[in-house]
Amino acid sequence: MISNRELFLQNTAQTSNSPRLFEIVKAEGVYLYGPKGEKYMDLVSGFNVSNIGHRHPKVIAAIQEQLERYLHVTVYGEFVQAPQVQFATNLLATLPDNFQSVYLTNSGAEAVEGSMKIAKKFTGRRQIIAANHAYHGSTQGALSLIGNKAYHEAYAPLLPEIDFIDFNDEAALASITTDTAAVIVEAIQGEAGVRVPSASYMQALRARCDETGTLLIFDEIQTGFGRTGKMFAFEHFGIVPDILMLAKGIGGGMPLGAFVARKEIMDVIKDNPMLGHITTFGGHPVSCAAAQASLQVIQEEKLLETVQEKADLFRSLLQTPKIKEIRGLGLMMCLQLETFDQVYAVSSYCAEQGLMIDWYLHCETALRVAPPLTISIAEIQDACKIINEAIEKFC
Ligand code: PLP
């Protein structure tokens, strides 16, 4: 019989020439399971999605309850659907008052697309500034914002009037002018290898946007929902953006994204022309039910309070000069090695030992450490033992 692995290679689109090809038959808590009984501790969280672990029982219960009521009923924005309304209301309750309206999407890239549109229409300006080495998604608009020229050249032409500045460089903020509709930055650059900006840079960025009437848009698609030890990473910097983009962790493992803004900004899509931004499946009721449960789990289990202690434990157990640098905030971490060969050898060895660890899209010399926030102290100790062994062997 032809195996699933062969069918995967034969019949599903391949996004690289070297997929990792782990077959997963079940996932629970911080563990992934393979068909032959393999068990892997997951330090990747499905790329910053499974913040509360895989298949959290409260998320599963909320999904099951919603399955009994309805699945898709109409396009987003027409009927009143309790899971959407309740999730949006509870999400706003976690945010400062200038966030007043939530648009629910299917994915992060769609949150990026919608945010760019409302920023242009609200300000009447066209220029958008993004950061070198940024990653915001793969749709054409989001791709236009990523600071990696190879992707621009391969898929040109992309959006016009996008300019780039260096991230975390205060001098570069002078490029933001009264012609700039929006500046879009990740709160922490993730795929560039977890580059954490200084609070003073973020404050200067906020001030420059205020001076020029430019909207400040934060991509918290990786950093949101507790990953850094605060609900949103902007809270570390003492500033509040104008538009917040979310996805990944918000759905509790289901596909969901959102962009959130002041009502006057969001309202530009209502008319002139009407239905300026619509989606069939965005804010799917089952995803929203899962998101609502996931938010409750983060709050009721007080997960945020444990993040820093866990991050500190990782840092203290991974003390070897062979790791050049540990970057990150909370449980969004990266271990800087020297070469991709080392990263590949370490992650392959870890997988053989039952630990799933990966690298970053635009920083292949660094290991990604982003476990579910629910990981226990004993599990962190086990994970670090394997990582240290692998680094000793291959670096
Ligand atoms: N923004 C950031 C910071 C991301 O890391 C990602 C995905 O990795 C995206 C946007 C795009 O999200 P999605 O893959 O859901 O479209």
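As shown above, the structure is provided for reference.
Attention here is on the structure that accompanies the text. In this text the structure is predicted, and so the values were computed from the model without any measurement.

## Digging into the overall build of the protein
Line of reasoning, step 1. Across its full length, the protein holds 13 helices and 15 strands.
Line of reasoning, step 2. A globule of 395 residues ought to have a C-alpha radius of gyration of about 21 Å, and the protein, at 21 Å, matches this closely.
Line of reasoning, step 3. Seen through its principal axes, the protein has C-alpha atoms that stretch 60 × 55 × 45 Å.
Line of reasoning, step 4. Scored against the burial criterion, the 395 residues of the protein give a buried share of 53%.
Line of reasoning, step 5. For the protein, contacts bridging at least 24 residues in sequence account for 72% of all contacts bridging at least 6.
Line of reasoning, step 6. As presented, the protein carries roughly 17,200 Å² of accessible surface, and 53% of it is formed by carbon and sulfur atoms.
Line of reasoning, step 7. Here the protein contributes 32 positive and 44 negative side-chain charges, whose respective centroids are spaced 2 Å apart.

## Considering the side chain of Glu186
Line of reasoning, step 1. Relative to the elements of secondary structure, Glu186 occurs in strand 7 (residues 180-186).
Line of reasoning, step 2. With no salt bridge to any partner, buried Glu186 finds its closest opposite charge in Arg368, at an N-O distance of 9.2 Å.
Line of reasoning, step 3. Of the polar contacts made by the side chain of Glu186, one reaches the backbone nitrogen of Tyr135; its length is 3.0 Å.
Line of reasoning, step 4. Setting aside residues no more than four positions away along its own chain, Glu186 makes contact with His133, Ala134, Tyr135, His136, Phe167, Glu191, Met202 and Asp219.

## Here we look at the site of the ligand
Line of reasoning, step 1. Lining the immediate environment of the ligand, one finds Ser107, Gly108, Ala109, Tyr135, His136, Gly137, Glu186, Asp219, Ile221, Gln222 and Lys248.
Line of reasoning, step 2. Take Gly108: an N or O atom from its main chain is 2.8 Å from an oxygen atom of the ligand.
Line of reasoning, step 3. Here Asp219 contributes a side-chain N or O atom positioned 2.6 Å from a nitrogen atom of the ligand.
Line of reasoning, step 4. Relative to its free-state accessible area of 390 Å², the ligand is covered by the protein chains to the extent of 82%.
Line of reasoning, step 5. Among the residues forming the shell around the ligand, the class breakdown is 3 nonpolar, 5 polar and 3 charged.

## Looking at empty space enclosed by the protein
Line of reasoning, step 1. Within the structure shown, the criterion is met by 1 cavity of 30 Å³ or more.
Line of reasoning, step 2. As a volume, the largest cavity reaches approximately 40 Å³.
Line of reasoning, step 3. As for the largest cavity, its lining consists of His72, Val73, Thr74, Tyr76, Gln81, Gln84, Thr280, Phe281, Gly282, Gly283, His284 and Pro285.
Line of reasoning, step 4. Taken together, the residues that form the lining of the largest cavity break down as 4 nonpolar, 8 polar and no charged.

## A few points about the pairing of strand 15 (residues 363-369)
Line of reasoning, step 1. Among the 7 residues in strand 15, 5 count as buried, and that is most of the element.
Line of reasoning, step 2. The pairing of strand 12 (residues 332-336) with strand 15 spans 4 bridges and is antiparallel. Within strand 15, the position partnered with Gln336 by the bridge is Ala366.
Line of reasoning, step 3. By the bridge criterion, 3 bridges tie strand 14 (residues 358-360) to strand 15 in an arrangement that is antiparallel. The residue of strand 15 that forms the bridge with Tyr360 is Cys363.
Line of reasoning, step 4. Counted along the chain from strand 14 to the antiparallel partner strand 15, the turn is 2 residues long.

## A look at the sheet that holds strand 1 (residues 26-28)
Line of reasoning, step 1. Across the sheet, 4 strands lie side by side as 1-2-3-13; this open sheet has mixed pairing. Of all strands in the sheet, those with a lone pairing partner are strand 1 and strand 13 (355-356), marking the two edges.
Line of reasoning, step 2. Pairing analysis gives 3 bridges linking strand 2 (residues 31-33) to strand 3 (residues 39-42), with the strands arranged antiparallel. Among the inter-strand pairings, Tyr31 is bridged to a residue of strand 3, identified as Met41.

## Considering the sheet that holds strand 9 (residues 243-246)
Line of reasoning, step 1. Overall, mixed pairing links the 7 strands, which are arranged 4-10-9-8-7-5-6 in an open sheet. Of all strands in the sheet, those bounded by a partner on one side alone are strand 4 (101-105) and strand 6 (162-165). Sheet twist, expressed as the mean angle between neighbouring strand axes with direction ignored, is 20°.
Line of reasoning, step 2. Judged from the 4 bridges that link them, strand 5 (residues 127-131) and strand 6 form a sheet pairing that is parallel. Bridge assignment links Ala130 to a residue of strand 6, and that residue is Phe164.

## Focus: the environment of Ala311
Line of reasoning, step 1. Within the fold, Ala311 resides in helix 11 (residues 304-317).
Line of reasoning, step 2. Judged by relative accessible area, which is 1%, Ala311 ranks as buried.
Line of reasoning, step 3. Separated by 17 residues in sequence, Ala311 and Gly328 have C-alpha atoms that sit 9.0 Å apart.
Line of reasoning, step 4. Ignoring sequence-local partners within four residues, the contact set of Ala311 consists of Gly330, Leu331 and Met333.

How each quantity is defined
Residues numbered from 1 in each chain as written. Predicted model: local features only at pLDDT ≥ 70, side-chain atom pairs only at ≥ 80, totals over all residues. Heavy atoms only, no water. Helix = DSSP H or I, 4+ residues; strand = E, 2+ residues; numbered from the N terminus. Rg over C-alpha atoms; globule rule 2.2 N^0.38 Å. Buried < 20%, exposed > 50% of the residue type's maximum accessible area, 1.4 Å probe, protein only. Contact = heavy atoms within 4.5 Å. Areas by Shrake-Rupley, 256 points an atom, 1.4 Å probe, with all protein chains shown as cover. Lys, Arg positive; Asp, Glu negative; His and termini not counted. Charge placed at Lys NZ, Arg CZ, Asp CG, Glu CD. Salt bridge = Lys/Arg side-chain N within 4 Å of Asp/Glu carboxyl O. Polar contact = N/O pair within 3.5 Å; in protein donor to acceptor, adjacent residues only side chain to side chain. Near = heavy atom within 4 Å. Nonpolar A, V, L, I, M, F, W, Y, C, P; charged D, E, K, R; others polar. 1 Å grid on protein atoms, 1.4 Å probe; cavity = no way out; pocket = protein on both sides within 12 Å on 5 of 7 lines; lining within 4 Å. Points joined across faces, edges and corners; volume = space filled by probe spheres on them. Pairing = 2+ DSSP bridges. Axes fitted to C-alpha atoms, helices over the stretch in contact; angles between N-to-C directions.

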